[in-house]
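The chain contents come next:
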Amino acid sequence: MTYVTIGERIATARKSRGLTASQLARRVGVKVSTVNNWESDRSEPRANKLVSMAGVLGVSMMWLLEGNSDGTDLPPTVEVVETADLQSKIERLQSMHERMVQLLFEISSEVNRVQRGIREEQADGIG
């Protein structure tokens, strides 16, 4: 019996869908080097990426994880594909939120600096 790794299953499913590693990476929301690491078994995908990848590749998560071929590896339902897409959107929003927080901090710091300058000028004008 030949053992097939998770990386080999990812590569097989990706190729059968006609996707490049770059296309899969973009759809799952990771770097192409991450997909390459998965496919070469240097690392394994986290659960949220596994869900997303299963949806993109049209296979079940259990098939990716274990390679079941006894009929239990049903393709994902629409809900799995939709939730994978929603998860990707949540991750993008979290990234945007982090950037907005940083921008708000920068703007707030700049406003405080300008206000200090105005107060100092006013104090110099009075004294």
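Residues numbered from 1 in each chain as written. Predicted model: local features only at pLDDT ≥ 70, side-chain atom pairs only at ≥ 80, totals over all residues. Heavy atoms only, no water.

A. Structural detail: the overall build of the chain. From N to C terminus, the chain includes 6 helices and 0 strands. Counting from the amino terminus, helix and strand elements in the chain follow one another as α-α-α-α-α-α. Within the chain, the proportion of its 127 residues that are buried is 25%. Approximately 9,000 Å² of the chain is accessible, and the part contributed by carbon and sulfur atoms is 56%. (Helix = DSSP H or I, 4+ residues; strand = E, 2+ residues; numbered from the N terminus. Buried < 20%, exposed > 50% of the residue type's maximum accessible area, 1.4 Å probe, protein only. Areas by Shrake-Rupley, 256 points an atom, 1.4 Å probe, with all protein chains shown as cover.)

B. Expanded view of the side chain of Arg14. Examined against the element boundaries, Arg14 turns out to sit in helix H1 (residues 6-16). Since its relative accessible area comes to 9%, Arg14 is described here as buried. Contacts of Arg14, omitting those with residues within four sequence positions, involve Leu19, Thr20, Ala21, Leu24, Glu39 and Leu57. (Contact = heavy atoms within 4.5 Å.)

C. The nonpolar core, seen in detail. Formed by 19 residues in total, the largest nonpolar core has its most connected members in Leu24, Met53, Leu57 and Leu64. Where this core is concerned, the elements lending two or more residues are H1, helix H2 (21-28), helix H3 (32-39), helix H4 (47-57) and helix H5 (61-66). A total of 5 residues in this core trace back to one element, the largest contributor, which is H4. (Core = buried A, V, L, I, M, F, W, Y, C linked by side-chain atoms within 4.5 Å.)

D. View of the pattern of salt bridges. Summed over the entire model, instances satisfying the criterion amount to 2 salt bridges. Across the pair Arg14 and Glu39 runs a salt bridge whose closest N-O atoms are separated by 2.5 Å. With Arg14 in helix H1 and Glu39 in helix H3, the pair connects residues that are 25 residues apart, well separated along the chain. Note on accessibility: Arg14 and Glu39 belong to one class, buried. The closest approach of N and O atoms between Glu110 and Arg113, which form a salt bridge, is 2.5 Å. Placement of the pair is Glu110 and Arg113 together in helix H6 (residues 78-126), with a separation of 3 residues, close to one helical turn. Exposure remark for Glu110: the relative accessible area of 40% places this residue in the partly exposed category. (Salt bridge = Lys/Arg side-chain N within 4 Å of Asp/Glu carboxyl O.)

E. View of H1. Of all the positions in H1, only Ile6, Gly7, Arg9, Ile10, Ala11, Ala13 and Arg14 are classed as buried. Buried positions along H1 lie against H2, H3, H4 and H5. Two residues or fewer after H1 comes Gly18, characterised by a positive phi angle close to 70°.

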